Amino acid sequence: MLAIHRKLLRDLAHMKGQVVAICLVIACGIATFVMSLSTLASLQETREVYYERYRFPHLFVSLKRAPETLRQRLEEIPGVRAVELRIVSEVTLDMPSMDEPAVGRLISIPETHRPRLCNLHLRAGRYVEAGRDDEVIVSEAFADAHELKPGDSVTAILNGRLQTLRIVGVALSPEYVFQIRGGEMLPDDRRFGVFWMGETALAAAFDMTGAFNNVMVSLMRSAAEEDAIKRVDDLLEPYGGLGAYGRDEHVSDRYLSDEIRSLRGMGMIAPAIFLSVAALLLNIVLGRLIGTQREQIAALKAFGYSNCDVGRHYLGFVLVIVLTGSLIGTIGGMLMARGLTRAYAEFYRFPILQYRLDASIVVLGFAIALSAGVLGALIAVRRAAKLPPAEAMRPEPPKSFRDTLLERLGLQRLLPPSTRMILRNLERQPVKTTLSILGIALSVSVLVLGNFMEDSLDYLIDQQFQIAQRQDVSVALVEPASGTIVHDMTHLPGVIRVEPIRGVATRMRFGHRSRRVGITGMPPNMQLYQLLDAKRQRLEVPPEGLLISDKLARILEVRPGQSVTVEVLQEERPVRDIPIVGVIDDYSGLAAYMSLDALNHLMHEGETVSGLYLTADGANHKQLYSELKSSPHVASVTIRTGMLQTFRETMGENLLRMKAWNVFFASVIAIGVVYNSARVSLSERSRDLATLRVIGFTRQEISLILLGELAVLTLVAIPVGLLIGRGLGELVALGLDTELYRIPLVITPKTYGFAAVVTLIASVLASLIVRRRLDQLDLVAVLKTRE
């Protein structure tokens, strides 16, 4: 081992505390990088293999009813590889473990062979058999929620008739990797389940023999999706086709794609923060190390080491720290990724979701960390390499001292000497002070960024489930009915108020932009579902015109006062230009609202409703649920309190885990920055502090001078970090602004306070560590040091 290498090891051992702090900061950055990108790669690979092996289609379309003889014409469309005709219907389930009704989606499958598209992966049991009209296969998510297994049975209302369905298998489908009903923000596995039933039995139950109401289409690689969609729509339009759409609009695949995109963003933002802090620390620490080793640099050059040798020596300091931190981070990232993969397995239902770490991710992580470290230390290393031996033999020239701002303003007499020393030292080292403030500020921003989600979700829950949605029960009807059903519902047990709605599937166009959107018709002065603007002010549906969600307005690039072309996709399929009257603030899906009378007029129909909102006396909920379960007119029932409970249960555990990790990461940054700043300051000012001790200053007084600097740095950094955290929160909220859901940017004083307190505690802990070194200061040895 060369002498210069032994020197490197001695330097690392002498500065072990600072080295460990920087290694931990780098480790946190690499851990989040490895966790995010390796999980992302596993998720993408699993999805691609699953979709390919189980033949996930490219196009989907629902319709009213069409004869099976259309199969050949669909298969003749250019670019079509395979077609699957199905019957799909939602039914009410009576589950013994629940008072309220659950919703089941029945999907037909061939009895004699497996489906051509969206094949099932059996987890337990067997496939349905021909001639068994009561056999079903249940989705694993619903089965797990109710502890169902092959041999159990459930009761459902099929086309107005009560029927017992016998479970023969538990399965997964690529169509329901994320099992959620359209229009809802989170899955509710207890209240929504998917069942696959033999096509002969399901067709007989719904009078659909020889017909279908749902189509899946697989395309060839060379096919043009837009052209295929147009041809499918043209063919199915006479049969009530609701408009074909691709994978990018499929609910399950869209949620999965959004999660993949957020993982990619996490893999960039968090490592950037940590590695920026590491670069700042390396710049400060290495700069001070070179400043104290001027004579050693001169000796090395005098003994024949070149400028490049000296530069490589100090770069080796960086390399050891980066490699150590990266190794720790890689191991930590793998462990975190395995935990994240297990969490994803609870949400996303794959036959197997196996974590695999690609070596390229590790290499890329090392390369990024090394680049950040070298960039941070480059100026200091360049200074060491270019330092002439003769100049290096002399002590570093003193800094240029000048009056501070307070002294120039004549306010120095208002402050005690110790405070003036603190402010003077900070102001005379602007680069080091700024970098230290920025490092601590980034730890504050991490805490704000990690906890704003809780504030945003609390705001969302309050707006969505307390202010906007005031109904206890939402009822969807099997078929649109006359307004007299409102009167019938008011006589159900415990019902206090009933308000009708109507939903109509449309395609909305403005210029060359378009989206499939459901228009909801609402009566005037509706109380149970309120539309709100960005200021949470209530908006009334206009007698004429549309209210649309802000997200839809941005997608179509339309403003109030302009008109959109509405193409109704059902019944007589009218087309009309309708003006936009206003924009509402909502956080789920794309929505449009208009007067119920105006919507019925658009449809050329009289008083018609397709759903109802109910409020009911809590004491009669069981009787009400029982009546709704047995009603032949009811297709599905949604309970608001059930949705809210599911939302809180799903998000609560994840938010708690996220908060714990953010506190840890932010503490690592804060302690790393404060500790390194304090150690550098102690190294720079040890002679000054020892002199003060000799002339009569107490330990407490010199501690106040050194630790006071840290306090000032921390107090200045906190508001800066709060602003950076809000800015990062805006970026995250922008990334989560999708067509399926939006997260509002809401940061409460509680979150700001939490970020400040955690940072202060971390700074105090780092200061206490340095205070021990200050108490152990060897006055004689320090005063003998040559300046």
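Residues numbered from 1 in each chain as written. Predicted model: local features only at pLDDT ≥ 70, side-chain atom pairs only at ≥ 80, totals over all residues. Heavy atoms only, no water.

1. Remarks on the pairing of strand 1 (residues 59-67)
Two faces, one strand: in a regular strand the side chains alternate between the faces of the sheet. When strand 1 meets strand 11 (residues 245-246), the two strands line up antiparallel, connected through 2 bridges. In the strand pairing of strand 11, Phe60 is matched with Tyr245. Taken together, the 6 bridges between strand 1 and strand 10 (residues 211-219) define a ladder with antiparallel strand orientation. Bridging across to strand 10, Phe60 finds its partner in Met216. (Pairing = 2+ DSSP bridges. Helix = DSSP H or I, 4+ residues; strand = E, 2+ residues; numbered from the N terminus.)

2. Quick look at the pattern of salt bridges
Tallying each qualifying case throughout the model produces 37 salt bridges. Its salt-bridge partner being Glu129, residue Arg132 comes within 3.6 Å of it at the nearest N-O pair. By relative accessible area, Arg132 is classed as partly exposed at 39%. (Salt bridge = Lys/Arg side-chain N within 4 Å of Asp/Glu carboxyl O. Buried < 20%, exposed > 50% of the residue type's maximum accessible area, 1.4 Å probe, protein only.)

3. Looking at the packing of aromatic side chains
Any pair of aromatic rings gets described here by the distance separating the centres and the angle formed by the planes. Tallied over the entire structure, the rule returns 12 aromatic pairs. Between Phe56 and Phe60 the ring centres are 5.5 Å apart and the planes differ by 50 degrees, which places this aromatic pair in the tilted class. Here Phe56 falls in the buried class, since its relative accessible area comes to 2%. An aromatic cluster of three or more residues is present, and its members are Phe178, Tyr255, Tyr344, Tyr348 and Tyr741. Of note, Arg536 hangs over the ring of Tyr459, and the distance from its end group to the ring centre comes to 4.0 Å. (Phe/Tyr/Trp six-rings, centres within 6.5 Å; stacked < 30°, edge-to-face > 60°. Lys NZ or Arg CZ within 6 Å of the ring centre and 35° of its normal.)

4. Description of the environment of Ser631
With respect to the element layout, Ser631 can be found in the loop between helix 18 (621-630) and strand 22 (634-639). Taking the relative accessible area as the measure of exposure, Ser631 reaches 15% and is therefore buried. Separated by 539 residues in sequence, Ser631 and Thr92 place their C-alpha atoms 9.1 Å apart.

5. Observations concerning the domain arrangement of the chain
Once the domains are mapped, the chain shows domain 1 (1-58 + 250-397), domain 2 (59-249), domain 3 (429-468 + 642-787) and domain 4 (495-616). At the interface, 29 residues of domain 1 touch 30 residues of domain 3. Where domain 1 abuts domain 3, roughly 2,800 Å² becomes buried across the two surfaces, and 74% of that area is made up of carbon and sulfur atoms. Counting across the domain 1 and domain 3 interface gives 1 salt bridge. A salt bridge links Glu739 to Arg254; its shortest N-O distance comes to 3.7 Å. Seen at the junction of domain 1 and domain 3, the total is 1 residue pair in polar contact (both at pLDDT 80 or more). Of all the secondary structure elements, the ones that give two or more residues to the side of domain 1 that touches domain 3 are helix 2 (16-53), helix 7 (251-292) and helix 9 (307-347). Looking at the side of domain 1 that touches domain 3 element by element, the count peaks at 15 residues for helix 7. Its residues assigned to classes, the side of domain 1 that touches domain 3 shows 18 nonpolar, 6 polar and 5 charged. (Domains from an automatic or database assignment. Contact = heavy atoms within 4.5 Å. Buried area = accessible area lost by both parts, 1.4 Å probe. Polar contact = N/O pair within 3.5 Å; in protein donor to acceptor, adjacent residues only side chain to side chain. Nonpolar A, V, L, I, M, F, W, Y, C, P; charged D, E, K, R; others polar.)

6. Some thoughts on unusual backbone geometry
Phi is positive for Cys118, close to 55 degrees, though the residue is something other than glycine. By the secondary structure assignment, Cys118 is in the loop between strand 4 (102-109) and strand 5 (121-125). Judged by its relative accessible area of 4%, Cys118 is buried. The backbone of Arg573 shows a phi angle near 55 degrees, a positive value even though the residue is not glycine. Tracing the backbone through its elements, the reader meets Arg573 in the loop between strand 18 (563-568) and strand 19 (575-584). Judged by its relative accessible area of 17%, Arg573 is buried.

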